[in-house]
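# Coordinate analysis (summary)
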Amino acid sequence: MKYLVRSIKYFAYLAIILCIFIVLLSVFGLIGNSVDEIFKNGAQSLWRIGLILLVFAIIYPRMGFTTRKVYIPGAYGEIREGVVDVMHDRSYVLEAEEGENLKFRIQSPVIRAFRMFEDRITFTRTATGFELEGPTKDLVRIVSSLEYKFRQE
């Protein structure tokens, strides 16, 4: 269900960005004002463009969101503050804490809006540390920061 919602959000986001881009080009006189002037095949091109946007919207959540494991030795009580500090340094705030599982979100409402409120990082406690779920580009940096902070000498 989460995948379907993300796909729909990205389809809408891509469509809005494309419309804004076309409107700006039209306002500045760089392209014509009718669909037939803007696109080679006129209105026939619209369904093709929609299909391309749909394909990207279906593929992106698969690549843009992932799950990573991070090895953090120690009891939860010992490592919790360190995890929260690392996330705070990355501009994340603790949203929820359910037992030994944590949920963080980005602090800035502007960045959250640009990411369509798909910015949540979920920490699920495992025997050796945590399993993180969230945007791939953020998880790579967060896992690296956590491993650096908790590395054994």
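Predicted model, so just to flag it, every value in this text is computed and none were measured. (Residues numbered from 1 in each chain as written. Predicted model: local features only at pLDDT ≥ 70, side-chain atom pairs only at ≥ 80, totals over all residues. Heavy atoms only, no water.)

### Describing helix H3 (residues 44-64)
End to end, H3 covers 31 Å across 21 residues, agreeing with the expected 30 Å (1.5 Å per residue, within 8%). For H3, the complete set of buried residues consists of Ser 45, Leu 53, Ala 57, Pro 61 and Gly 64. Buried residues belonging to H3 abut helix H1 (2-27), strand S1 (65-71), strand S5 (129-135) and helix H6 (136-149). (Helix = DSSP H or I, 4+ residues; strand = E, 2+ residues; numbered from the N terminus. Expected span 1.5 Å × (residues − 1). Buried < 20%, exposed > 50% of the residue type's maximum accessible area, 1.4 Å probe, protein only. Contact = heavy atoms within 4.5 Å.)

### Looking at the pairing of strand S2 (residues 92-98)
Judged from the 6 bridges that link them, S2 and strand S3 (residues 101-106) form a sheet pairing that is antiparallel. Pairing of Leu 94 across the sheet is with Phe 104, part of S3. (Pairing = 2+ DSSP bridges.)

### Focus on a nonpolar patch on the surface
Together, Tyr 3, Phe 11, Trp 47, Leu 51, Leu 54, Val 55, Ile 58, Ile 59 and Met 63 line one region of the surface with nonpolar side chains, adding up to about 830 Å² of accessible area. The leading source of residues in the nonpolar patch is H3, at 7 residues. Within the secondary structure layout, Trp 47 lies in helix H3. (Patch = residues over 30% accessible without salt bridge, like charges linked within 9 Å, V, L, I, M, F, W, Y side chains within 5 Å. Areas by Shrake-Rupley, 256 points an atom, 1.4 Å probe, with all protein chains shown as cover. Salt bridge = Lys/Arg side-chain N within 4 Å of Asp/Glu carboxyl O.)

### Some words on the packing of helix H4 (residues 76-89) against H6
Closest axis-to-axis distance for the H4/H6 pair is 10 Å, and the angle between their directions is 135 degrees. Relative to H6, H4 is oriented oblique. Relative to H6, H4 is oriented so that their crossing is right-handed. Packed against H4, whose contacting residues are Gly 82, Val 83, Val 86 and Met 87, the element H6 presents Ile 142, Ser 145, Leu 146 and Lys 149 at the interface. Classifying every residue of the contact of H4 with H6 by side-chain character gives 5 nonpolar, 2 polar and 1 charged. (Axes fitted to C-alpha atoms, helices over the stretch in contact; angles between N-to-C directions. Parallel < 35°, antiparallel > 145°, perpendicular 65-115°, else oblique. Left-handed = near helix turned anticlockwise from the far one by under 90°. Nonpolar A, V, L, I, M, F, W, Y, C, P; charged D, E, K, R; others polar.)

### As for the packing of aromatic side chains
Across all of its chains, the model carries 3 aromatic pairs by this definition. With centroids separated by 5.3 Å and ring planes inclined at 70 degrees, the aromatic side chains of Phe 104 and Phe 123 adopt a geometry described as edge-to-face. Taken together, the positions of Phe 104 in strand S3 and Phe 123 in strand S4 (residues 121-126) put the pair 19 residues apart, joining distant regions of the chain. Among the residues examined, Phe 104 registers a relative accessible area of 0% and is labelled buried. Using a relative accessible area of 0% as the deciding quantity, one classes Phe 123 as buried. Both rings, one in Phe 123 and one in Phe 130, keep their centres 5.4 Å apart while their planes meet at 80 degrees; by these two values the pair is edge-to-face. When sorted by exposure, Phe 123 lands in the same class as Phe 130, which is buried. Members of the aromatic cluster, each reached through a chain of ring pairs, are Phe 104, Phe 123 and Phe 130. Between Arg 6 and the ring centre of Phe 65, over which it is positioned, the NZ or CZ distance is 3.7 Å. (Phe/Tyr/Trp six-rings, centres within 6.5 Å; stacked < 30°, edge-to-face > 60°. Lys NZ or Arg CZ within 6 Å of the ring centre and 35° of its normal.)

### Thoughts on the confidence of the model for the protein chain
Close inspection of predicted coordinates is inappropriate for parts of the model with low pLDDT. Taken as a whole, the protein chain shows an average pLDDT of 89; of its residues, 99% reach a score of 70 or greater. The least confident element of the protein chain, judged by mean pLDDT, is helix H2 (residues 35-38) at 75; the most confident is S3 at 95. (pLDDT = per-residue confidence, 0-100.)

### Observations concerning the pairing of S5
Along S5, 5 of the 7 residues are buried, which leaves the element largely enclosed by surrounding structure. Pairing geometry for S1 and S5, over 7 bridges, is antiparallel. Note that in S5 the partner of Phe 65 across the bridge is Pro 135. Hairpin connection from S4 to S5: 2 residues lie between these consecutive antiparallel strands.

### Here's the deal with the nonpolar core
Within the largest apolar cluster, 21 residues are counted, with the highest numbers of intra-cluster contacts made by Val 83, Phe 123, Phe 130, Leu 132 and Leu 146. Of all the secondary structure elements, the ones that give two or more residues to this core are H4, S3, S4, S5 and H6. Here this core takes 6 residues from H4, the largest share from any one element. Aside from chain neighbours lying at most four places away, what touches Leu 132 is Thr 66, Thr 67, Arg 68, Val 70, Ile 121, Thr 122, Phe 123, Leu 139, Ile 142, Val 143 and Leu 146. (Core = buried A, V, L, I, M, F, W, Y, C linked by side-chain atoms within 4.5 Å.)

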